[in-house]
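# Commentary on secondary and tertiary structure
Residues per chain are reported as follows:
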Amino acid sequence: MPMSDPPSPSSGSSGSTKSWIIHGVAAGAAAALAAGAHYMYYRLSGKFRSRVIGIIPARYASSRFQGKPLVNILGKPMIQRTWERAKMATSLDHIVVATDDEKIADCCRGFGADVMMTSESCRNGTERCNEALSKMDKRYDVVVNIQGDEPLIEPEIIDGIVKALQAAPDAVFSTAVTSLKPEDAHDPNRVKCVVDNHGYAIYFSRGLIPFNKSGNVNPQFPYLLHLGIQSYDTKFLNIYPELPPTPLQLEEDLEQLKVLENGYKMKVIKVDHEAHGVDVPEDVDKIESYMRERNLH
């Protein structure tokens, strides 16, 4: 359900801002409590998070790259390359493309993908996944949000985040990171992540994290790059759109921060993944060169 944006933390009274934050925290706590009994029942019954669907959200009107899902990557639309890679994952019972654009829908049906039409009001891929899920007849326990701009995503990574979520009953979300290349350290399109000693996310940022006193990239530090793939417990996915936007989410423009700010736990796996996604038009040449060098036509 679309929601209006809350007042900016820099506007209005401090009291209204405080009440907004308190409301968001309370909503998250209540939702977590309501979902707890469900998690425990299915874990004990041996059916815990066993039914998995992969959803590829795709919209045409991107502010950074108009029509990005349909861009040609060595002879195929990028959305097709992503779908073909996702089909190789063994953990997915079904895959569907969720879009609000008929051009994308027609393209996907042309290469054999199932398509679910969603509204233009979805603010991000997570909300689009939730809407698509709500329109399906079959019920699923886990939804994998497979970003359509990751045409070389390894199926093993998809399977890895599913297994990570299935093995972590205290988490409602899982995702993947890989090593950050030094040249991408200050690129705001490359989202960085820090993780605790137990493999749970602490924070995500478009800036370099952690940051040091010198202000320079430390070549000895294992910085982590967030990959654009994530999975959710479907009970949490139903709750997510109802949670108010949060200050850090709005400031960084990163949807996963709303999960952390509301007190939910997010499991993170570390993988080896050299090829990054396509964020801006300039990335197309980079990924095509990468594919040619490795004969990935």
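Residues numbered from 1 in each chain as written. Predicted model: local features only at pLDDT ≥ 70, side-chain atom pairs only at ≥ 80, totals over all residues. Heavy atoms only, no water.

Threshold: UniProt positions are given in the numbering used here, feature names are shortened, and annotations may be inferred rather than shown by experiment.
The name an unreviewed UniProt entry assigns to the chain is 3-deoxy-manno-octulosonate cytidylyltransferase, from the organism Salvia divinorum. Of the chain, the UniProt comment under Sequence similarities (unreviewed entry) reads exactly: "Belongs to the KdsB family." Looking at the Catalytic activity (unreviewed entry) heading of the UniProt record, one finds this comment for the chain: "3-deoxy-alpha-D-manno-oct-2-ulosonate + CTP = CMP-3-deoxy-beta-D-manno-octulosonate + diphosphate".

## Thoughts on the overall build of the chain
The condition is simple: Secondary structure follows DSSP: runs of H or I at least 4 residues long count as helices, runs of E at least 2 residues long count as strands, and numbering of each begins at the N terminus. Exposure categories follow from relative accessible area, calculated using a 1.4 Å probe and restricted to protein chains: below 20% of the type maximum is buried, above 50% is exposed, and the middle band is partly exposed. Any two residues whose heavy atoms approach within 4.5 Å at even a single point are treated as in contact.
Within the chain, the secondary structure is distributed over 9 helices and 11 strands. For the chain, the proportion of its 297 residues judged to be buried stands at 53%. Considering only contacts in the chain between residues 6 or more positions apart, those separated by 24 or more positions represent 69%.

## So, the environment of Glu-293
Note the threshold: Pairing of N or O atoms within 3.5 Å defines a polar contact, subject to two protein rules: one partner must be a possible hydrogen donor and the other a possible acceptor, and residues neighboring in sequence count only if both atoms are side-chain atoms.
Relative to the helices and strands, Glu-293 is located in helix H9 (residues 282-293). In terms of polar contacts, Glu-293 uses its side chain to reach the side chain of Arg-294, at 3.1 Å.

## Here's the deal with the side chain of Arg-128
Its place among the elements puts Arg-128 in helix H4 (residues 125-134). For Arg-128, a relative accessible area of 2% translates into the label buried. Among the polar contacts listed, one links the side chain of Arg-128 to the backbone oxygen of Ser-119, at a separation of 3.0 Å. Residues in contact with Arg-128, not counting those within four places in the same chain, are Pro-57, Ala-58, Arg-59, Ala-98, Thr-99, Asp-100, Thr-118, Ser-119 and Cys-122.

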